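Here's the letter readout for the chains.
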Amino acid sequence: MILHIKFMVSLRCKMVVKEELKKLGLHYSNVDLGTVEIIEELDPAQKSQLKNNLQKYGLELLDDKKNILIEKIKSLIIEMIHYSEEPPEGNYSDYISEKLGYDYTYLSNIFSEVKGTTIQQYIIIHKIERVKELLLYEELNLTEISYKLHYSSVAHLSNQFKKITGLTPSYYKKIKENRKRNLEDL
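A. Looking closely at the pairing of strand β1 (residues 2-6). Counting buried residues in β1 gives 4 out of 5 residues, a clear majority hidden from the surface. Inspection of the sheet shows β1 paired to strand β4 (residues 60-62) by 3 bridges, in the antiparallel sense. Bridge pairing links I5 to L61 in β4.

In structure tokens:
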């Protein structure tokens with residue numbers, strides 16, 4: 001039995017879900033971002049208990065097919081941007097369509113209808129969040145980051161970064177360094 005869970009977007013969320021399944025004596029074969037494959041069937045009481053337990057952590061058990069599909073799209077985007085070493089070859093729309101087995105136009109229309117934003121905008125926001133992380137870790141320079149996240153150029157990355165955050169990447173990094181220095185002075 002496959003369960004779909006909304007807001008399950010990190011490794012910590014996966015740990016919480018595993019722990020809650022363990023508390024209820026449920027066995028799973030796989031726990032991924034947004035989905036859990038449970039070995040046994042859930043009775044209504046178990047499902048209700050699991051739903052209540054997950055809500056305490058801000059997670060939501062999904063039943064609606066549209067919402068399940070939206071969560072699959074979101075999880076796939078988060079996985080490919082934040083956790084994959086290499087983003088997919090080609091464009092994101094083909095990758096998403098292929099992975100989920102639906103026409104991209106259909107996925108895009110449902111996503112926009114439910115979320116009020118496009119898949120492309122959602123991808124851009126997550127790419128910028130990833131850029132912020134990589135800038136803070138200071139392991140890669142801006143050229144390396146733009147290559148890693150498949151930007152056509154550093155200028156393109158910088159323009160998107162400024163459009164989303166209101167800051168240039170270098171100014172963002174400088175602000176973070178100043179904050180870190182100020183905290184060390186306390």
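What follows picks up the thread again.
B. Spatial organisation of the pattern of salt bridges. This model, assessed by the stated rule, comprises 5 salt bridges. Of the charged contacts, one joins K23 and E20 as a salt bridge, the two residues approaching to 3.1 Å between their closest N and O atoms. You can see K23 and its partner E20 sitting in helix α1 (residues 11-23), 3 residues apart, about one turn around the helix. What makes K23 exposed here is its relative accessible area of 55%. With a shortest N-O distance of 2.5 Å, K66 and E113 are connected by a salt bridge. Within this pair, whereas K66 is found in helix α3 (residues 65-83), its partner E113 is found in helix α5 (residues 104-115), the two being separated by 47 residues in sequence. On the basis of relative accessibility, which here comes to 35%, the residue K66 falls in the partly exposed class. By relative accessible area, which is 54% here, E113 ends up exposed.

C. Expanded view of the packing of α3 against α5. Remark: α3 packs on α5, axes separated minimally by 10 Å, with the N-to-C direction vectors making an angle of 105°. Looking at the two axes, α3 sits roughly perpendicular to α5. Of the residues in α5, those in contact with K66, N67, L69, I70, I73 and K74 of α3 are Y106, L107, I110, F111, E113, V114 and K115. Along the lines of polarity and charge, the residues of the contact of α3 with α5 split into 8 nonpolar, 1 polar and 4 charged.

D. How the structure looks around the side chain of S75. Relative to the assigned elements, S75 resides in helix α3. Overall, the relative accessible area of 9% leaves S75 in the buried class.

E. View of the pairing of strand β2 (residues 28-32). Sheet topology note: the β2/strand β3 (residues 35-38) ladder contains 4 bridges and is antiparallel. Note that in β3 the partner of N30 across the bridge is E37. Here β2 folds back onto β3 in antiparallel fashion, the turn holding 2 residues, of which G34 has a positive phi close to 90°.

F. Representation of the packing of aromatic side chains. All chains considered together, the criterion is met by 3 aromatic pairs. Summarising the aromatic geometry, the rings of F161 and Y172 are spaced 5.5 Å apart at their centres and angled 70° between planes, so their arrangement reads as edge-to-face. Here F161 is found in helix α8 (residues 154-165), whereas its partner Y172 is found in helix α9 (residues 169-184), with 11 residues between them in sequence.

G. Just unusual backbone geometry, in detail. Of note in this structure, F7 is not a glycine but carries a positive phi near 70°. With respect to the secondary-structure elements, F7 resides in the loop between β1 and α1. Looking at F7, the relative accessible area reads 40%, which means it is partly exposed. The backbone of H150 sits at a positive phi, close to 60°, despite the residue not being glycine. Looking at where H150 falls in the secondary structure, it is placed in the loop between α7 (142-148) and α8. Accessibility expressed as a relative area gives 39% for H150, which makes it partly exposed.

H. Spotlight on the sheet that holds β2. Strand order across the open sheet formed by 4 strands is β2-β3-β1-β4, with antiparallel pairing between neighbours. The open sheet has two free edges, formed respectively by β2 and β4, since each of these has just one partner strand. Taken pair by pair, the neighbouring strands of this sheet meet at an average axis angle of 25°, ignoring direction. In terms of strand pairing, β1 meets β3 through 3 bridges, oriented antiparallel. What sits directly across from H4, in β3, is T35. Seen against the sheet, α1 touches β1, β2 and β3 and runs at an angle of roughly 155° to β2.

Basis of the calculations
- Residues numbered from 1 in each chain as written.
- Predicted model: local features only at pLDDT ≥ 70, side-chain atom pairs only at ≥ 80, totals over all residues.
- Heavy atoms only, no water.
- Buried < 20%, exposed > 50% of the residue type's maximum accessible area, 1.4 Å probe, protein only.
- Helix = DSSP H or I, 4+ residues; strand = E, 2+ residues; numbered from the N terminus.
- Pairing = 2+ DSSP bridges.
- Salt bridge = Lys/Arg side-chain N within 4 Å of Asp/Glu carboxyl O.
- Axes fitted to C-alpha atoms, helices over the stretch in contact; angles between N-to-C directions.
- Parallel < 35°, antiparallel > 145°, perpendicular 65-115°, else oblique.
- Contact = heavy atoms within 4.5 Å.
- Nonpolar A, V, L, I, M, F, W, Y, C, P; charged D, E, K, R; others polar.
- Phe/Tyr/Trp six-rings, centres within 6.5 Å; stacked < 30°, edge-to-face > 60°.

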